[in-house]
Amino acid sequence: MEEIFERRSIRKYKSKDVEEEKIEKLLEAAVSAPSAGNEQPWHFIVIKDRKRLNHLAEIHPYAKMLKEAPLAIAVCADLSQQKHQGFWVQDCSAATQNILLEAQSLGLGSVWIGCHPAEDREKKVSNYLKVPAGFKTLSLVAVGYPAEEKVRVNRMNDNIVHLEEW
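Residues numbered from 1 in each chain as written. Predicted model: local features only at pLDDT ≥ 70, side-chain atom pairs only at ≥ 80, totals over all residues. Heavy atoms only, no water.

Colleague: Looking at this structure, I do not really get the packing of aromatic side chains. What am I missing?
Modeller: Both the distance between ring centres and the angle between the ring planes are used here to describe each pair of aromatic rings. What the rule picks out here adds up to 0 aromatic pairs. Above the plane of the ring of Y145 lies K16, whose end atom (NZ or CZ) is 4.2 Å from the centre. Taking the ring centre of Y128 as reference, the NZ or CZ of R52 above it sits at 5.3 Å. (Phe/Tyr/Trp six-rings, centres within 6.5 Å; stacked < 30°, edge-to-face > 60°. Lys NZ or Arg CZ within 6 Å of the ring centre and 35° of its normal.)

Here it is in structure tokens:
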């Protein structure tokens, strides 16, 4: 799984649309994520409209890259699907990570744009995307063909690994 080690946050994109087949693969990867009690609380909003992407870049303080990205995927959770209270965050985080890794494997660049738990960001994004009551927006993922290259970095640090106890 070289994608795990090679994946980097990409914030600059070429002006080339992401093919529908690749979008489908990103979504297939997302729904293949593990979830607590197999609740699979996720819903996804695929955003390709340039005006919508530009507006999201304006209302979210850390989403400026959406002005270049040809695609964003909002990862949302249906709170009524919770079998285990609050685990939707982990479930949707796993789905978000799967999107990032599949993007890497498809030759795409991506970056995780957090919405939850920042209430103001989440509310603005959810309202704009007309996310229904009873749902939460965990993240946006910007996706596109990268217009920048980032090198692989070894982040392993023996000081953070503990055996048997701290």
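Colleague: So what exactly am I meant to see when it comes to the nonpolar core here?
Modeller: Counting residues in hydrophobic clusters, the biggest one holds 24 residues, and the most contacted among them are V18, L26, L71, C92, I99, L108 and V143. Every element with two or more residues in this core is listed here: helix 2 (20–31), strand 2 (71–78), helix 4 (88–105) and strand 4 (135–144). Here the element with the most residues in this core is helix 4; it accounts for 7 residues. With 22 residues, the next largest nonpolar core counts I47, M65, C76 and I113 among its residues. (Core = buried A, V, L, I, M, F, W, Y, C linked by side-chain atoms within 4.5 Å. Buried < 20%, exposed > 50% of the residue type's maximum accessible area, 1.4 Å probe, protein only. Helix = DSSP H or I, 4+ residues; strand = E, 2+ residues; numbered from the N terminus.)

Colleague: So what exactly am I meant to see when it comes to the layout of surface pockets here?
Modeller: To find the voids left in a structure, one rolls a probe of water-molecule size over its atoms. Size it by volume and the largest pocket reaches roughly 200 Å³. Lining the largest pocket, in full, are I4, F5, R7, R8, R152, V153, N154, R155 and M156. By residue class, the composition of the lining of the largest pocket is 4 nonpolar, 1 polar and 4 charged. As a volume, the second largest pocket reaches approximately 150 Å³. Taken together, 14 residues make up the lining of the second largest pocket; nearest its centre are E6, I10, Q104, E148 and K150. Class assignment for the residues of the lining of the second largest pocket results in 4 nonpolar, 3 polar and 7 charged. (1 Å grid on protein atoms, 1.4 Å probe; cavity = no way out; pocket = protein on both sides within 12 Å on 5 of 7 lines; lining within 4 Å. Points joined across faces, edges and corners; volume = space filled by probe spheres on them. Nonpolar A, V, L, I, M, F, W, Y, C, P; charged D, E, K, R; others polar.)

On their own, these measurements won't tell you what the molecule is for.
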